[in-house]
Amino acid sequence: FHAMGHQLNIYAVIFFLVFTGSVAGIRYFRYRYSYTLQILMVLLISLFSLAFITSSNHKKEKGIREVIVVNLANERDQVAEFLFEDIEYRMRQDSFLINSLSSVYYDDFEIYDYIGANYFGGYFRNYELQVAACGYNFDLWLEDVGEFVDCYDFFYDMVDEFGIPVSRNSQFYFLDNLNGRISYMGMVVYEFDQHPWEKTLFISLDSRVLSDQLGYPELLLEGRLSGSPAITQYSNAKYHQGQLITRTGTYTYPLRLKFETAESEDMSFIEEGGYEHLVYRVDEDNVIVISKPVITIVDLVTSFSYSFAFFYLLYSLSLLICKYPLRLKKWQIDFKNKIKYSMIGVLLLSLIIIAAGTIYYNIIQFENKQHENISEKIQSVMVELEYRLGLESELTPEMRYYVTGLLIQFSNVFYTDINLYDLEGKLYASSRPEVFELELTGEQMNPVAYSEMRIKNSARFIHRESISNLSYLSAYVPFTNANNEVLSYLNLPYFTRHSILTKEIYTLVVAVANIYAVLILITILIAIIVSNTITKPLRLIQNKLRELSIGKKNEQIDYDSDDEIGNLIREYNRMVVELENSAGMLARSERESAWREMAKQIAHEIKNPLTPMKLSIQHLQRAWEDRVDNWDEVLKNTTSNLIEQIEHLSSIATAFSHFAKLPGAKRERVDISEAIRNVYELFYNSGNIDIKLIDHEGLYVISDKMQLNRILVNLLKNAIQAIPRTRKGEIVIKLAKEGDMALVEVTDNGEGVHPAIKDKMFTPYFTSKSGGTGLGLAIVKNIVEQYGGSVGFTSEYKKGSCFWFRLPLASDGEGGEVSLDRSN
């Protein structure tokens, strides 16, 4: 997870690649690949990104450690350096030190104790303190070499060789002596009028192994001084001549240096004890080690969980955008995804609730813990003060110095700052007087606390105070003597930085998030397995329903579980059985209906040739009675047409005898002009109707001569029947060439088609005539389309209609139009 945080630029690239890849993949392959394969793709991308980011971050982190370890070699204490200037100023004005050093005889141990208690307590317990007073012709005994040296020469030589001034206005120096410690040297010069010489206090500070301190200085300097927050992520140690000098962090370093490295290498990485150590040889005597826990399998699994969750959400988002760009409102999730998203959603919701509750509980516990700690400390300080000052009737100004010493002593013991306020709420003594002398905070007691102590007489009061924008807990209790008289108010400011609480919360949240990240990964996998398991029989039912057909044997589904899906499958199996029974009944019904329809169609087909046969015979009869001149020609044409129609009836009867099958369609080259002329000859003498033929010779189509005859007869019969008896009928049959199609139009001046029934004219069994079957136009449409043609009509109600059909030409033929007009 931290690795991802350091590689946002890499994630941006991977984000772009995955998103665009998902878009392309979903758009072009969403119907080709299964969801499981898509999840596998996300899994592989997550593994690749994890491997790449982990490797890149490890290299980058090594570089950071190399920078940190070099900085540690020249490490300086910014907090201490910030305080030196004020300490130096106060020491120059300190009357006790002036009086002590102005005397010819003074107690070195008394001065040492005084300086340690008043100036270098609290935060400076991190350092070993040494104090030396040097004057004119003073010698200094060096125990390590066993000889006397000139006091001034010794310290000045040390400053000249290793000293770096901490500031322009200070006589304190950082000693870059490479002894494995943080070392400082301070010089405070005192000049005396009554003596021809001066005296100088040399103060030496060398860091020791101590934990971090809390108190006013660190609190006030937090945010002002630049630090290296990265160092807090590591453990580190310094060795001088193979001996452990300082150490910080969680790793337990040995007292003697045991890390074996090549002498030719300044920096080496070594894995030992579950940590990766960077060993930096500053010189022959000094070695710095900075350590970090190695990445474990748990870390990799956790990071992979974050990576997979991230890319899975990214893929789901891209899926949503690509599949439903403009239909988000209509978006519906299928049953399988509902199961997955429900399980993941419940887990995420529980994570949010648990995380929020955990954070809230942790904050409450943290606050309670701080209250308990400060209550215990103030009670302990109270007991010590009562032991030392319990017999006093009041705290006088003359006692201020003594009480201040006590508070400094107790501060070093109880590891806290201590303030004592008089009954008027004014500061009486403090273990950290420099804070008030620098006016970093006022000397008046907090008004709220003073009200609680003075007016409400509370036995204890703890609340939160602040200096600038820095907040801390502060506890107050009344300090009483043996007679239970209130002498002052004791105050303990308890400094716990907000960053500590933030770190605890962050650690807890990250731990919970890591656990839930793994759980989410497991849940996604389980959700996929469970959803596939649950939906598998549903998909089986779906496939079986898709294959369900009345005309074939349908298989039942085998499913043993007695659950809701089992009930659904049993109902499906029951439906299959009932469907088979219904299919048998339907088949019998369809056969009966087919015979009925066949009878209707046969009757219609028989009636079609009978009408022109009847007209031909009537025409022949009139010609005989009228003794026409061309009797032989009329007899020949009439008998020829009658024979053709009789053959048509014979073919229908033959087909019907063969299981009631209509004649099969042939594909042959037919002279459509000749076919039209034959039908025209049958119908031209039809009562009170003039029939006109506009022919186009030489047009051949691919059709069946008999089927083509059936089309023309149907259209002419419909045209004749559409003309009222009271109206002089006019019918025009026109044949024309239209591109690679032959166009036949039959136009009449009949009643036309009513607008309400235009859409139904080619529907089987629909007829506007009382005696019709409704099959004529349907048969025409079926035959024409069978040969790749088209059929249609135009009509004007009460004025007439034009029915037309097109058939593909067999070959290109040219010829002029011939007009035949025979009126009765």
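Residues numbered from 1 in each chain as written. Predicted model: local features only at pLDDT ≥ 70, side-chain atom pairs only at ≥ 80, totals over all residues. Heavy atoms only, no water.

**Observations regarding the overall build of the chain**
Okay, step 1: Each helix and strand in the chain was counted, giving 19 helices and 25 strands.
Okay, step 2: The contacts of the chain with a sequence gap of at least 6 include a subset with a gap of at least 24, amounting to 66%.
Okay, step 3: Here the chain has roughly 45700 Å² of accessible surface; of this, 56% comes from carbon and sulfur atoms. (Helix = DSSP H or I, 4+ residues; strand = E, 2+ residues; numbered from the N terminus. Contact = heavy atoms within 4.5 Å. Areas by Shrake-Rupley, 256 points an atom, 1.4 Å probe, with all protein chains shown as cover.)

**Side note on the nonpolar core**
Okay, step 1: The biggest cluster of nonpolar side chains holds 44 residues, and the ones touching the most others in it are I672, I731 and F805.
Okay, step 2: Contributing elements (two or more residues each) for this core: α17 (672-683), β19 (689-696), α18 (705-721), β21 (729-738), β22 (741-748), α19 (776-786), β23 (790-796) and β24 (800-811).
Okay, step 3: It is α18 that provides the largest number of residues to this core, a total of 8 residues.
Okay, step 4: The next biggest cluster of nonpolar side chains, apart from the first, holds 28 residues, and it includes I115, L129, F172 and I182. (Core = buried A, V, L, I, M, F, W, Y, C linked by side-chain atoms within 4.5 Å. Buried < 20%, exposed > 50% of the residue type's maximum accessible area, 1.4 Å probe, protein only.)

**Some words on the packing of helix α5 (residues 95-102) against helix α6 (residues 108-118)**
Okay, step 1: Remark: α5 packs on α6, axes separated minimally by 11 Å, with the N-to-C direction vectors making an angle of 165°. As far as their axial angle goes, α6 and α5 are roughly antiparallel. Between α5 and α6 lies a crossing of left-handed hand. Across from F96, L97, S100 and L101 in α5, the residues of α6 making contact are E110, I111, Y114 and I115.
Okay, step 2: For the contact of α5 with α6, a count of residues per class yields 6 nonpolar, 1 polar and 1 charged. (Axes fitted to C-alpha atoms, helices over the stretch in contact; angles between N-to-C directions. Parallel < 35°, antiparallel > 145°, perpendicular 65-115°, else oblique. Left-handed = near helix turned anticlockwise from the far one by under 90°. Nonpolar A, V, L, I, M, F, W, Y, C, P; charged D, E, K, R; others polar.)

**A closer look at the state of the cysteines**
A disulfide bridge is the covalent bond that connects two cysteines by way of their sulfur atoms.
Okay, step 1: In total, this model carries 1 disulfide according to the counting rule given.
Okay, step 2: Residue pairing for C134: its cysteine sulfur links by disulfide to C151, the two sulfurs lying 1.3 Å apart. Placement of C134 in strand β1 (residues 127-134) and of C151 in helix α7 (residues 151-162) is noted, with a sequence separation of 17 residues between them.
Okay, step 3: Owing to a relative accessible area of 2%, C151 belongs among the buried residues under this scheme. (Disulfide = S-S within 2.5 Å.)

**As for a negative patch on the surface**
Okay, step 1: On the surface, D107, D108, E110 and D113 cluster together into a negatively charged patch.
Okay, step 2: The topology assignment puts E110 in helix α6. (Patch = residues over 30% accessible without salt bridge, like charges linked within 9 Å, V, L, I, M, F, W, Y side chains within 5 Å. Salt bridge = Lys/Arg side-chain N within 4 Å of Asp/Glu carboxyl O. Lys, Arg positive; Asp, Glu negative; His and termini not counted. Charge placed at Lys NZ, Arg CZ, Asp CG, Glu CD.)

**Examining α5**
Okay, step 1: Every buried residue belonging to α5 is among L97, S100, L101 and S102, and all of these are buried.
Okay, step 2: Here α5 starts with a cap whose side-chain oxygen sits 2.9 Å from the backbone nitrogen of F96, and that cap is D94. (Polar contact = N/O pair within 3.5 Å; in protein donor to acceptor, adjacent residues only side chain to side chain.)

**Brief notes about the pairing of strand β17 (residues 486-494)**
Okay, step 1: Buried residues dominate β17, accounting for 8 of its 9 residues.
Okay, step 2: The pairing of strand β13 (residues 419-421) with β17 spans 3 bridges and is classified as antiparallel. For Y421, the partnering residue across the bridge sits in β17 and is Y489. (Pairing = 2+ DSSP bridges.)

**Notes on the sheet that holds strand β8 (residues 235-240)**
Okay, step 1: What the 5 strands build is an open sheet, ordered β9-β8-β12-β11-β10; its pairing is antiparallel. Whereas interior strands pair on both sides, the edge strands pair on one side only; in this sheet they are β9 (243-248) and β10 (267-272). Neighbour to neighbour, the strand axes of the sheet diverge by 20° on average, direction disregarded.

**Focus on the packing of α17 against α18**
Okay, step 1: Two elements in contact, α17 and α18, have axes whose closest approach is 10 Å; the angle formed by their N-to-C orientations is 40°. By the angle between their directions, the pair α17 and α18 is classed as oblique. Where α17 crosses over α18, the handedness of that crossing is right-handed. Of α18, the residues touching α17 (which contributes I672, E674, A675, I676, V679 and F683) are K705, L708, N709, L712, V713, L716, K717 and I720.

**Topic: the packing of aromatic side chains**
Okay, step 1: Per the counting criterion, the structure on display carries 21 aromatic pairs.
Okay, step 2: Note on Y450 and Y489: the rings are 6.4 Å apart at their centroids and 85° apart in plane angle, and the pair reads as edge-to-face. Within this pair, whereas Y450 is found in helix α13 (residues 447-455), its partner Y489 is found in strand β17, the two being separated by 39 residues in sequence.
Okay, step 3: Assessed through its relative accessible area of 21%, Y450 is described here as partly exposed.
Okay, step 4: Aromatic rings pair up to connect F84, Y127, F172, F174 and Y184 into one cluster.
Okay, step 5: Positioned above the aromatic ring of F269, the side-chain terminus of K62 is 4.8 Å from the ring centre. (Phe/Tyr/Trp six-rings, centres within 6.5 Å; stacked < 30°, edge-to-face > 60°. Lys NZ or Arg CZ within 6 Å of the ring centre and 35° of its normal.)

**Focus: unusual backbone geometry**
Phi is mostly negative for residues that are not glycine, and the peptide bonds are mostly trans.
Okay, step 1: One non-glycine residue, Q241, lies in the positive phi region at around 55°.
Okay, step 2: Relative to the assigned elements, Q241 resides in the loop between β8 and β9.
Okay, step 3: Judged by relative accessible area, Q241 falls into the exposed class, the value being 53%.
Okay, step 4: The backbone of N484 shows a phi angle near 65°, a positive value even though the residue is not glycine.
Okay, step 5: Within the secondary structure layout, N484 lies in the loop between β16 (470-480) and β17.

**Describing the sheet that holds strand β7 (residues 198-207)**
Okay, step 1: Taken together, 5 strands build an open sheet; the order of strands is β1-β7-β6-β5-β4 and the sheet is antiparallel. The sheet is open, and its two edges are formed by β1 and β4 (163-165), each paired on a single side. When the angles between neighbouring strand axes are averaged without regard to direction, this sheet yields 25°.
Okay, step 2: Sheet analysis places β1 next to β7, joined by 8 bridges and oriented antiparallel. Looking at β7, one finds that A133 is bridged to L201.
Okay, step 3: Its contacts with the sheet place helix α4 (residues 78-93) against β1, β5 (172-175), β6 (183-191) and β7, and it is angled at close to 20° to β6.
Okay, step 4: Set on the sheet, α7 makes contact with β1, β4, β5, β6 and β7; between it and β7 the angle comes to about 50°.

**Overview of the pattern of salt bridges**
Okay, step 1: Within the structure shown, the criterion is met by 17 salt bridges.
Okay, step 2: E578 serves as the salt-bridge partner of R574, at 2.6 Å between the closest nitrogen and oxygen. Of this pair, R574 and E578 are both found in helix α15 (residues 564-626), 4 residues apart, which corresponds to roughly one turn of the helix.
Okay, step 3: K781 is the salt-bridge partner of E785, the closest N and O atoms lying 2.7 Å from each other. Here E785 and its partner K781 are both found in helix α19, 4 residues apart, which amounts to about one turn of the helix.
Okay, step 4: Residues joined by salt bridges that share partners form a network here, namely E61, R65 and E276.

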